[in-house]
Amino acid sequence: MTGGPEAVAEAPWIELPWIDEHATELDATAAVVWPALLRTVETMMAGRAAPRYARAVGCADTEAGGPRPLEAGSTVPGFHVAELIPERLLALRGSHRFSDYALAFRLEPLGGVRTRLVAETRAEFPGVKGRAYRALVIDTRMHVLVVRRLLGAVARRVERAPR
């Protein structure tokens, strides 16, 4: 799979407009990065704030549920696993009063023991309230900070992982 907005467009599970993409390169194989990604997504959404926020904005998925580690159909506050291809793709999808959105993580082998972890966001923000929400979350770059924090947490978990 190649990077850029066209990469995830090939996947039948997503048709939302492309917002952005962030990536980090890790000194580890996909076999090491994959469990670190799954665990990081679970733990970052495990606190009390995530379910509260999910309920406040009217998310379809407000609680963690389903199988662990994450599988298709599992939920974390704000998202459900729309597609999962082990060591290649974790696609999360969600919706609330102001937006329909997806966050897809792709693992791209770089040769040897290096892997690029790419986080791609797609979303639509219908109506006046949706546009206001986009201005608050996307245009202020708050979303960028959250995604970069998540990628950094995966990287730290990979660094601590046994090889």
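In this report, we go over the structure that sits alongside the text.

Cut-off values and rules
- Residues numbered from 1 in each chain as written.
- Predicted model: local features only at pLDDT ≥ 70, side-chain atom pairs only at ≥ 80, totals over all residues.
- Heavy atoms only, no water.
- Helix = DSSP H or I, 4+ residues; strand = E, 2+ residues; numbered from the N terminus.
- Rg over C-alpha atoms; globule rule 2.2 N^0.38 Å.
- Contact = heavy atoms within 4.5 Å.
- Lys, Arg positive; Asp, Glu negative; His and termini not counted.
- Charge placed at Lys NZ, Arg CZ, Asp CG, Glu CD.
- Pairing = 2+ DSSP bridges.
- Core = buried A, V, L, I, M, F, W, Y, C linked by side-chain atoms within 4.5 Å.
- Buried < 20%, exposed > 50% of the residue type's maximum accessible area, 1.4 Å probe, protein only.
- Axes fitted to C-alpha atoms, helices over the stretch in contact; angles between N-to-C directions.
- Salt bridge = Lys/Arg side-chain N within 4 Å of Asp/Glu carboxyl O.
- Patch = residues over 30% accessible without salt bridge, like charges linked within 9 Å, V, L, I, M, F, W, Y side chains within 5 Å.
- Areas by Shrake-Rupley, 256 points an atom, 1.4 Å probe, with all protein chains shown as cover.
- 1 Å grid on protein atoms, 1.4 Å probe; cavity = no way out; pocket = protein on both sides within 12 Å on 5 of 7 lines; lining within 4 Å.
- Points joined across faces, edges and corners; volume = space filled by probe spheres on them.
- Nonpolar A, V, L, I, M, F, W, Y, C, P; charged D, E, K, R; others polar.

A look at the overall build of the protein chain
Alright, step 1. Scanning the protein chain for helices and strands turns up five helices and six strands.
Alright, step 2. What you see in the protein chain, going N to C, is helices and strands ordered as α-β-α-α-β-β-β-β-β-α-α.
Alright, step 3. Its C-alpha radius of gyration of 15 Å places the protein chain within 12% of the 15 Å reference for a compact globule of 163 residues.
Alright, step 4. For the protein chain, contacts bridging at least 24 residues in sequence account for 59% of all contacts bridging at least 6.
Alright, step 5. Taking the average place of the 22 positive charges on the side chains of the protein chain and the average place of its 19 negative ones, the gap between the two points comes to 8 Å.

As for the pairing of strand S3 (residues 79-85)
Alright, step 1. As defined by bridge partners, strand S2 (residues 75-76) adjoins S3 across two bridges and the pair is classed as antiparallel. Within S3, the residue paired with Thr-75 across the bridge is His-80.
Alright, step 2. Here S2 hands over to S3 after two residues, with Gly-78 in that stretch at a positive phi of 95 degrees.
Alright, step 3. Of the pairings in the sheet, the one linking S3 to strand S4 (residues 89-96) comprises five bridges and is antiparallel in character. When the bridges of S4 are listed, His-80 appears paired with Arg-93.
Alright, step 4. In this antiparallel pair of consecutive strands, S3 and S4, the connection spans three residues, and Glu-87 shows a positive phi of 65 degrees.

A look at the nonpolar core
Alright, step 1. Core analysis: the biggest nonpolar cluster contains 40 residues, and Leu-37, Leu-90, Phe-105, Leu-117, Val-154 and Val-158 have the highest contact counts within it.
Alright, step 2. Setting aside residues up to four positions removed in sequence, Leu-37 forms contacts with Leu-90, Phe-105, Leu-107, Leu-117 and Val-154.

Some details on the sheet that holds strand S1 (residues 18-26)
Sheet strands pair by backbone hydrogen bonding; their relative direction is either parallel or antiparallel.
Alright, step 1. With antiparallel pairing, six strands are arranged side by side in an open sheet as S1-S6-S5-S4-S3-S2. Two strands close off the open sheet at either side, each with one partner strand: S1 and S2.
Alright, step 2. Against the sheet, helix H5 (residues 142-160) makes contact with S1, strand S5 (99-111) and strand S6 (114-124), and its axis sits at roughly 25 degrees relative to S1, the strand it touches most.

Concerning the pattern of salt bridges
Alright, step 1. Applying the stated criterion across every chain, the model contains 13 salt bridges.
Alright, step 2. When the shortest N-O distance is used, the salt bridge between Arg-116 and Glu-25 registers 2.7 Å. Residue Arg-116 is found in strand S6, and its partner Glu-25 is found in strand S1; the two are separated by 91 residues along the sequence.
Alright, step 3. What makes Arg-116 partly exposed here is its relative accessible area of 27%.
Alright, step 4. Glu-25 sits in the partly exposed class, given a relative accessible area of 43%.
Alright, step 5. For Arg-106, the salt bridge goes to Glu-108, with nearest N and O atoms at 3.3 Å. Per residue, the accessibility class of Arg-106 equals that of Glu-108, and both read buried.

Comments concerning a nonpolar patch on the surface
Alright, step 1. A contiguous nonpolar surface patch, about 280 Å² in accessible area, is contributed by Leu-136, Met-142 and Val-146.
Alright, step 2. Relative to the helices and strands, Leu-136 resides in helix H4 (residues 127-139).

A word on the layout of surface pockets
Alright, step 1. What the largest pocket holds in volume is close to 830 Å³.
Alright, step 2. Elements represented by at least two residues in the lining of the largest pocket include exactly helix H3 (49-56), S5, S6, H4 and H5.
Alright, step 3. Among the elements that line the lining of the largest pocket, the one with the most residues is H5, at six residues.
Alright, step 4. Taken together, the residues of the lining of the largest pocket sort by class into 21 nonpolar, six polar and one charged.

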